[in-house]
Every structure is written in structure tokens, then in C-alpha cells.
Amino acid sequence: MMKYGAEHEEHRFTLSFTESEVRGQWRDIFLGIHKEVGEEFPEDLIDPSILVICNLDGEIVQIVLHDEGCDCEFQFTFSEKAQIENYVKQHVNV
């Protein structure tokens with residue numbers, strides 16, 4: 001995760017499924033994000049979580065990093081997004 005426009009920085013984390021809800025033509029999947037042992041998230045990130053927006057066919061449309069339940073100035077790297085996509089495909093019934 002990195003701030004928009006900041007230097008690329010990878011973080012190691014695990015994920016957990018929190019909840020899912022249908023909102024019109026979208027399915028919102030909420031995930032918990034947990035840093036791996038010895039890993040530190042950016043200090044400006046207080047309580048991170050993830051919103052994965054899918055269409056009703058289960059295709060991922062967007063992955064949003066939340067902080068304290070709201071959109072924030074951080075974004076995931078390509079490999080972090082790939083990890084999240086793989087988790088959703090393997091562990092969440094979409």
C-alpha cells in the first residue's frame with residue numbers, strides 16, 4: 001500500500017472475510033486486512049480494511065482500501081491487488 005503518487009512499497013498481509021451485501025447491480029465484499037509478523041503498515045493508516053466491488057456475475061470491478069471505514073489516500077500495488085483478487089476467488093462465494 002502506498003499513498004497516491006508516493007513511491008511503490010509492498011506490504012505483506014493476510015485477509016479475512018467480514019461481510020457481503022448486494023447493492024443494486026453491485027455486490028460489495030468487505031475484507032479485514034492483517035499485517036504479517038514483523039510487518040508494519042504506513043503510520044498514517046489507522047484501521048485499514050478492504051472493499052471489493054463486484055458485478056452480480058462475480059467479476060471484480062474495483063478494490064478500495066478503506067481507513068476507519070472510509071475511502072482514504074492510500075492505494076494497493078498491483079501485486080497486493082492480485083493477492084486480494086485471489087483471496088476473493090478462493091474464499092468468497094461470488
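This structure is a prediction, so every number in the text was calculated from the model and none was measured.

A. Seen up close, the nonpolar core. Ile-50, Val-52, Phe-76 and Ile-84 are the most contacted members of the largest nonpolar core, which totals 19 residues. Put simply, the parts of the chain that give this core at least two residues each are strand S2 (13–23), strand S3 (26–35), strand S4 (48–55), strand S5 (60–67) and helix H1 (78–91). If we skip the residues at most four places from it in the chain, Val-52 touches Arg-27, Asp-28, Ile-29, Leu-31, Ile-60, Gln-62, Ile-63, Ile-84 and Val-88.

B. Main features of the confidence of the model for the protein. Across the protein, pLDDT averages 92, with 99% of residues at or above 70. Looking over the protein, one finds the lowest element-wise mean pLDDT in strand S1 (residues 2–3), namely 82, and the highest in S4, namely 97.

C. Fine view of the pattern of salt bridges. Counted by the stated rule, this structure contains six salt bridges. One salt bridge in this structure joins Glu-36 and Arg-12, with 3.0 Å as the shortest N-O distance. Pair noted here: Glu-36 is in the loop between S3 and S4 and Arg-12 is in the loop between S1 and S2, with a separation of 24 residues, a long-range link. Owing to a relative accessible area of 28%, Glu-36 belongs among the partly exposed residues under this scheme. In this structure, the salt-bridge partner of Lys-35 is Glu-40, at a minimum N-O distance of 3.8 Å. A relative accessible area of 45% means that Lys-35 is categorised as partly exposed. A single salt-bridge network, built from bridges that share partners, covers Lys-3, Asp-44 and Glu-73.

D. Main features of the environment of Ile-46. Examined against the element boundaries, Ile-46 turns out to sit in the loop between S3 and S4. Accessibility expressed as a relative area gives 59% for Ile-46, which makes it exposed. In the structure, Ile-46 is positioned eleven residues away from Lys-35 in sequence and 12 Å away in space, judged by C-alpha atoms. The residues touching Ile-46, leaving out its near neighbours within four places in the chain, are Asp-67 and Glu-68.

Conventions adopted
- Residues numbered from 1 in each chain as written.
- Predicted model: local features only at pLDDT ≥ 70, side-chain atom pairs only at ≥ 80, totals over all residues.
- Heavy atoms only, no water.
- Core = buried A, V, L, I, M, F, W, Y, C linked by side-chain atoms within 4.5 Å.
- Buried < 20%, exposed > 50% of the residue type's maximum accessible area, 1.4 Å probe, protein only.
- Helix = DSSP H or I, 4+ residues; strand = E, 2+ residues; numbered from the N terminus.
- Contact = heavy atoms within 4.5 Å.
- pLDDT = per-residue confidence, 0-100.
- Salt bridge = Lys/Arg side-chain N within 4 Å of Asp/Glu carboxyl O.

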